[in-house]
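Structural overview for review
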Amino acid sequence: MVGPIPSPLSGTVIATNARISAAPKILNNSAYDEGWIVHLKLSDLHSERQELSSVEEIGSLLSQKIAEFHVRCFKMFADYEMYEIGSECTAVLVRLNELIDKVAVGDVIHIVSDDPTAYVEMVAWSDRTGHELVEWRREGNLFHFVVRKTGRK
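A brief report on the enclosed structure follows. Just so we're clear, the structure is a prediction, and the values are computed from it rather than from any experiment.

Let us look at the layout of surface pockets. Each pocket or cavity is described by its volume, and for the largest pocket that value is around 310 Å³. As for the largest pocket, its lining consists of 14 residues, and the residues nearest its centre are N28, F74, K75, M76 and F77. As for the second largest pocket, its lining consists of I5, S7, P8, L9, S10, G11, I37, V38, L40 and L42. Among the elements that make up the lining of the second largest pocket, the one with the highest residue count is strand 2 (residues 38-42) (three residues). Taken together, the residues of the lining of the second largest pocket break down into seven nonpolar, three polar and no charged.

Written out as structure tokens, the structure reads:
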């Protein structure tokens, strides 16, 4: 997205996070730490506070929207996607190694496989290469893996 970011509170911007323009994926990968956008000096928190939702209220609303729109979230936003349906996991790992050699340290790859041995193979691959297996899940007969390239090999 490119455009204005609405704020639920009024105030004056006193600092902006310059790192975001250079690496926008920080917003997804570190939303509650490095991914801050601005610091505000609040104008009227006392009267605006009543307009904010509680964690309980917003949690149930988000759960409804996630179900309604069939949202599938991962811990990190992928820089690259690999869909390897009908391939044995050993062949997938060869292609993954070729891709990971070309990408930058810190880049994230989302792999989709239908090989039933994929989980065991991916864990062994991560242990062997030192690249991080950030997350995995099974959806029906498909396995989703999120891996991040590390600086060690």
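Structure shown, so let's carry the discussion forward.
Taken as a whole and judged by the stated rule, the model has four aromatic pairs. Here Y119 and W136 contribute two aromatic rings whose centre-to-centre distance is 4.3 Å and whose plane-to-plane angle is 35 degrees, an arrangement assigned as tilted. On the criterion of sequence distance, the pair formed by Y119 in helix 6 (residues 118-129) and W136 in strand 5 (residues 132-139) is long-range, its members being 17 residues apart. Ring geometry for F143 against F145: centres 6.3 Å apart, planes inclined by 15 degrees, an arrangement best described as stacked. Across the pair, F145 and F143 agree in class, each one buried. Connected via pairs of aromatic rings, a cluster forms that spans Y119, W136, F143 and F145.

Analysis parameters
- Residues numbered from 1 in each chain as written.
- Predicted model: local features only at pLDDT ≥ 70, side-chain atom pairs only at ≥ 80, totals over all residues.
- Heavy atoms only, no water.
- 1 Å grid on protein atoms, 1.4 Å probe; cavity = no way out; pocket = protein on both sides within 12 Å on 5 of 7 lines; lining within 4 Å.
- Points joined across faces, edges and corners; volume = space filled by probe spheres on them.
- Helix = DSSP H or I, 4+ residues; strand = E, 2+ residues; numbered from the N terminus.
- Nonpolar A, V, L, I, M, F, W, Y, C, P; charged D, E, K, R; others polar.
- Phe/Tyr/Trp six-rings, centres within 6.5 Å; stacked < 30°, edge-to-face > 60°.
- Buried < 20%, exposed > 50% of the residue type's maximum accessible area, 1.4 Å probe, protein only.

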